[in-house]
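Working through the structure, step by step
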Amino acid sequence: MSNNLLAGKRGIIFGALDEKSIAWKVAERCVEEGAMITLTNAPVALRMGEIQKLGKKLNAEVIPADATSEEDLEKLIGESMEILGGKLDFVLHAIGMSLNVRKKKAYTDLKYEWMQKTFDISAISFHKLMQQLYKQDAMNEWGSILALSYIAAQRSFPDYSEMAESKALLESFARSFGYHFAEKAKVRVNTISQSPTVTTAGSGVKGFDEFFGYADKMSPLGNASAEACADYCVTMFSDLTRMVTMQNLFHDGGFSSMGMSPRLLED
Ligand SMILES: NC(=O)c1ccc[n+]([C@@H]2O[C@H](COP(=O)([O-])OP(=O)(O)OC[C@H]3O[C@@H](n4cnc5c(N)ncnc54)[C@H](O)[C@@H]3O)[C@@H](O)[C@H]2O)c1
């Protein structure tokens, strides 16, 4: 169902790899709500993934960009403004990857070279993206920039490993850059802290299936789906949330406010 909440708005969506990706659902919902978008992902993901299929379906150009490369980001932003016919109203950063998690390194035995790469891909890329948007004056007034986070930024979830620090850094960048972007052009910057979601990145975390079930029971509304996250992103990109900025917004069915749920003691 469309309410035309994003009619006439232009945006860039990072991170749609396949149909399960949160960014995939966000892209679909944004277009349904009247937005024009470009899609982007790392060149290797473009080769492996199905993003071209999404591009065709949504009539959206797919532009390769490694989010750790300032040069790629600069080009992506310039090309997107050209294709979409003006400055941008919204941007979604939906990027996460940990080398130590992928290579199953214990948290007490991390390889620091990989950790730095993890931080670069999962968090510093958000600063690089905002810096390029800022320098190119690419955002319209009252625009909205979002990144996706996870509650391991605040609490200890041992199997999430160095991604916890990545998310803490990501959320801090939203607060710090949110100030500068508000001053410059009344642009808001927020992170959405999403429930565990069955995607390529999510399922890569050890014990994901068990944890997904635990979080579902712990959350009075249950885990928030990727589709529900897309709905929330649309509201954050719309004009209905203009005064929300520099926040980490929990989208987790109530998980973050729970201490203990009797549902966990059942059966
Ligand atoms: N799935 C979950 O349980 C969950 C929960 C909370 C937050 N998140 C966050 O949501 C976001 C999206 O993840 P997802 O769960 O949809 O998984 P996903 O695997 O579908 O998406 C991750 C994306 O990051 C992209 N990426 C990796 N390295 C990149 C690079 N160098 N440049 C550009 N893109 C790069 C991948 O190609 C992929 O499209 C991530 O930030 C993730 O941490 C996920």
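Above: the structure in question.
Description of the structure in this document. (Residues numbered from 1 in each chain as written. Predicted model: local features only at pLDDT ≥ 70, side-chain atom pairs only at ≥ 80, totals over all residues.)

1. Points about the site of the ligand
Note the threshold: The C-beta atom of each residue is placed using the backbone, and any residue whose C-beta lies within 6 Å of a molecule or strand is treated as near it. Working definition: helices are DSSP H or I runs of at least four residues, strands are E runs of at least two. Numbering for both runs from the N terminus.
Around the ligand, a shell composed of 27 residues is seen, among which Ser21, Gly96, Thr199, Ala201 and Gly202 lie nearest. Breaking the shell around the ligand down by element, the ones donating at least two residues are helix H1 (22-32), strand E5 (139-149) and helix H8 (200-203). Here the element with the most residues in the shell around the ligand is H8; it accounts for three residues.

2. A look at the nonpolar core
Keep this limit in mind: As used here, a nonpolar core is made of buried Ala, Val, Leu, Ile, Met, Phe, Trp, Tyr and Cys residues. They are joined through C-beta atoms within 7 Å. Once C-beta atoms are placed from the backbone, each residue is buried if 20 or more other C-beta atoms lie within 10 Å of its own, exposed if 12 or fewer, and partly exposed for counts between those two. It is the C-beta atoms, placed from the backbone, that decide contacts: two residues are in contact if theirs lie within 7 Å.
Within the largest apolar cluster, 63 residues are counted, with the highest numbers of intra-cluster contacts made by Ile13, Ala23, Ala27, Cys30, Ile37 and Cys233. Discounting residues that sit within four places of it in the chain, isoleucine 13 has contacts with Ala23, Val26, Ala27, Cys30, Ile37, Leu39 and Leu92. Val101, Tyr150, Ala152 and Ala215 belong to the second largest nonpolar core, which has 11 residues in total.

3. Focus on the packing of helix H4 (residues 70-84) against helix H6 (residues 112-135)
Note the following rule: Axis definition: a line fitted to C-alpha atoms, limited for helices to the stretch in contact. Angles are taken between N-to-C directions and run from 0 to 180 degrees. Note on angle classes: values under 35 degrees are labelled roughly parallel, values over 145 roughly antiparallel, values of 65 to 115 roughly perpendicular, and the remainder oblique. Each crossing is labelled by how the near helix is turned from the far one, with a counterclockwise turn of less than a right angle marking it left-handed and a clockwise turn marking it right-handed. Each residue receives one of three labels: charged for Asp, Glu, Lys and Arg, nonpolar for Ala, Val, Leu, Ile, Met, Phe, Trp, Tyr, Cys and Pro, and polar for the others, Gly being one of them.
Axis separation between H4 and H6 bottoms out at 9 Å; the angle between their running directions is 45°. The orientation of H4 relative to H6 falls into the category oblique. Classified by chirality, the crossing of H6 by H4 is right-handed. Seen from H4, the contacting residues are Glu70, Leu73, Glu74 and Ile77; seen from H6, they are Lys128, Leu129, Gln132 and Leu133. Partitioned by chemical class, the residues of the contact of H4 with H6 number four nonpolar, one polar and three charged.

4. Regarding unusual backbone geometry
We note that asparagine 4 has phi near 55°; this positive angle belongs to a residue other than glycine. Its place among the elements puts asparagine 4 in the segment before strand E1 (10-14).

5. Some points on helix H3 (residues 51-58)
Residues separated by three or four positions in an α-helix point in the same direction, a consequence of the helix having 3.6 residues per turn. Put simply, the rule is: Directions drawn from the helix axis to the C-beta atoms are what define this arc.
By the burial criterion, the buried members of H3 are Ile51, Leu54 and Leu58. Here the buried residues of H3 occupy an arc of 55° about the axis, which is enough to place them on one side. Along H3, exposed side chains directed more than 90 degrees from the buried face belong to Gln52 and Lys56. On its buried face, H3 is in contact with H1, strand E2 (36-41), helix H2 (43-48) and strand E3 (61-64). Phi turns positive one or two residues past the end of H3, at asparagine 59, with a value near 55°.

6. Thoughts on the pairing of strand E4 (residues 88-93)
In summary, the side chains of a regular strand alternate between the two faces of the sheet. Threshold: Whether two strands pair depends on DSSP finding at least two bridges between them.
With respect to burial, E4 is a largely interior element, six of its six residues being buried. For E1 and E4, the ladder comprises three bridges, and the chain directions are parallel. When the sheet's bridge partners are listed, isoleucine 12 is paired in E4 with valine 91. Direction of pairing for E4 relative to E5: parallel, over a ladder of five bridges. For histidine 93, the partnering residue across the bridge sits in E5 and is alanine 147.

Function cannot be inferred from these measures alone, as they are strictly geometric.
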